[in-house]
Amino acid sequence: MKIKAYIVALLFIVFTQVSKAQVLITTTLPDSITYWERTNALGLDVNQISFVNWNVGGNNSVSILGKARFARNYHRKNVNWDNELILKYGLNSQEGQETRKTDDQIQLNSTFGYRRDTVSNWYYSAKFNFQTQFANGYQYPNTTDEISGPFSPAYIFLGVGSEYIRKDIGLNAYFSPLTNKTTLVLNQTLADKGAFGVDAAKKDAEGNIIEHGKKSRTEVGILLTNNIKRPIFKNIILDHRLTLYTDYINNFGNVDVNWQLQLDMTVNEYVKANIGTHIIYDDDVKATEEVAGTVVQVGPKIQLKQMLGVGLSYTF
């Protein structure tokens, strides 16, 4: 009987210890839960063309575009916070010409949203957007007088509004009736010329500057954005970004447009191809034309950029 009692007591102790161990294991599981989604993507597109005894002619050229995208998105119950940093810089070297810039972009987006319940797709949102560039831009072949540069311009949008989000179809639409737009032109030479809509320098009758131009301009208006990112065919993703803005005070109803449309095509895990267009219209940005050998400033025009690239991409 004593032996049986010892055996029963031993089994009870072992069972109790195992049960305690199981409880300790289960309590550690929630520590592994995260509400953050992280994306890091690096890419390098290279285009090269060369000619040897090519009887129809042509210039050897090499184009390189480096790009990066970092996203940090937080989703939990009624809270949605999306953050994105986009970096691009491209160069082209062509026989008989100096190296020229082909792309230059720094863009930071952050949107914080709160909804009343977990069923609704509508959020009360606040949006921040910042855009500028890495290096000076020139009206080639003139590489002496820059027409843009780092923080010349820089655009800052900050506002509150309402956002509609459908993650199942990759749709995001935002409307803000109250958005502050700040334009920075920190290059004094460009500011004196009144570039990108800032107040130009005041000059006397002889053309001497008596008061330098303003380095910033502030507007308050309406902002609408629409983003769609979703697969449309196998290994093809559509990335559509549209921004519309109009100022309440200066020419209300005159809409600034920034529209990007891109198709990202996957060849394999590391090789990607993309084709896209970028259209900008801003009434404050005046175009230039060469008339009788002299560059003169004219009115605003539609700006168009077309992109086609094949290269390496690494996501982690």
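Below is a summary of the structure that appears in this document. What you see is a predicted model, and the numbers here were worked out from it, not measured in a lab. (Residues numbered from 1 in each chain as written. Predicted model: local features only at pLDDT ≥ 70, side-chain atom pairs only at ≥ 80, totals over all residues. Heavy atoms only, no water.)

**With respect to the overall build of the chain**
Applied cut-off: Helical segments are the DSSP runs of H or I of at least four residues, strand segments are the runs of E of at least two, and each set is numbered from the N terminus. Relative accessibility under 20% of the residue-type maximum defines a buried residue, over 50% an exposed one, and the middle range a partly exposed one, all with a 1.4 Å probe and only protein chains included. In this analysis, two residues are considered to be in contact whenever any of their non-hydrogen atoms come within 4.5 Å of each other. Here the open area of atoms and residues is found with the Shrake-Rupley method and a 1.4 Å probe, where only the protein chains shown may cover a residue.
When you go through the chain residue by residue, the secondary structure sums to two helices and 18 strands. Evaluated residue by residue, the chain yields a buried proportion of 32% over its 316 residues. Looking at the chain alone, contacts between residues at least 24 apart form 52% of all its contacts between residues at least 6 apart. Roughly 20000 Å² of accessible area belongs to the chain as shown, and the carbon and sulfur atoms make up 62% of that amount.

**Some remarks on the nonpolar core**
Definition in use: The definition of a nonpolar core used throughout is a set of buried Ala, Val, Leu, Ile, Met, Phe, Trp, Tyr and Cys residues joined through side-chain atoms within 4.5 Å.
Core analysis: the largest hydrophobic core is formed by 12 residues, namely Y155, F157, Y174, V185, L190, A191, A195, F196, V198, L223, Y245 and V285. Taken together, the elements giving at least two residues each to this core come down to β8 (154-166) and α2 (188-192).

**Section: the packing of aromatic side chains**
This is how it is decided: Centres within 6.5 Å are what make two rings of Phe, Tyr or Trp a pair, Trp counting through its six-membered ring; a difference in plane orientation under 30 degrees is then read as stacked, over 60 as edge-to-face, and the rest as tilted. The rule is short: NZ of Lys or CZ of Arg within 6 Å of the ring centre and within 35 degrees of the ring normal puts a charge over the ring.
Going through the model one piece at a time under the given rule, you end up with 13 aromatic pairs. Where W122 meets Y164, the ring centres are 5.1 Å apart and the plane angle is 55°; that geometry is what we call tilted. Of the two residues, W122 is situated in strand β5 (residues 122-132) and Y164 in strand β8; the sequence distance between them amounts to 42 residues. By way of ring pairs, the aromatic residues Y35, W36, Y74, W81 and F112 are connected into one cluster. Above the face of the Y174 ring, K127 is positioned so that its terminal group lies 4.9 Å from the ring centre.

**Points about the side chain of Q105**
To keep it simple, the criterion reads: Polar contact criterion, stated in full: a pair of N or O atoms within 3.5 Å, where within protein one must be able to donate a hydrogen and the other to accept it, and residues adjacent in sequence count only if both atoms are side-chain atoms.
Relative to the assigned elements, Q105 resides in strand β4 (residues 100-114). Exposure remark for Q105: the relative accessible area of 13% places this residue in the buried category. For Q105, the side chain forms a polar contact with the side chain of Q107, separated by 2.7 Å. Excluding residues that lie within four positions of it along the chain, Q105 makes contacts with I86, L87, K88, T132, F134 and Q260.

**Regarding the pairing of strand β3 (residues 79-94)**
Note the threshold: Whether two strands pair comes down to DSSP finding at least two bridges between them.
Summarising the sheet, strand β2 (residues 61-76) and β3 pair through 16 bridges and their orientation is antiparallel. Looking at the pairing, R69 lines up with I86 of β3. Connecting β2 to the antiparallel partner β3 that follows it, the hairpin turn spans two residues, and K77 within it adopts a positive phi of roughly 55°. Note: β3 against β4, 14 bridges, orientation antiparallel. Residue pairing for β4: G90 is matched across the bridge by D103.

**Regarding the sheet that holds β8**
To keep it simple, the criterion reads: To obtain an axis, a line is fitted to C-alpha atoms, over the contacting stretch when the element is a helix, and the angle between two such axes runs from 0 to 180 degrees between their N-to-C directions.
The strand order around the closed barrel built from 12 strands is β1-β2-β3-β4-β5-β8-β9-β12-β13-β14-β15-β18, with neighbouring strands paired in antiparallel fashion. Recorded for the sheet is a direction-independent mean angle of 20° between the axes of neighbouring strands. As paired strands, strand β13 (residues 236-247) and strand β14 (residues 256-266) are joined by 10 bridges and run antiparallel to one another. Paired with I237 across the two strands is D264, which belongs to β14.

Note that all results are geometric; they support no functional claim without further evidence.
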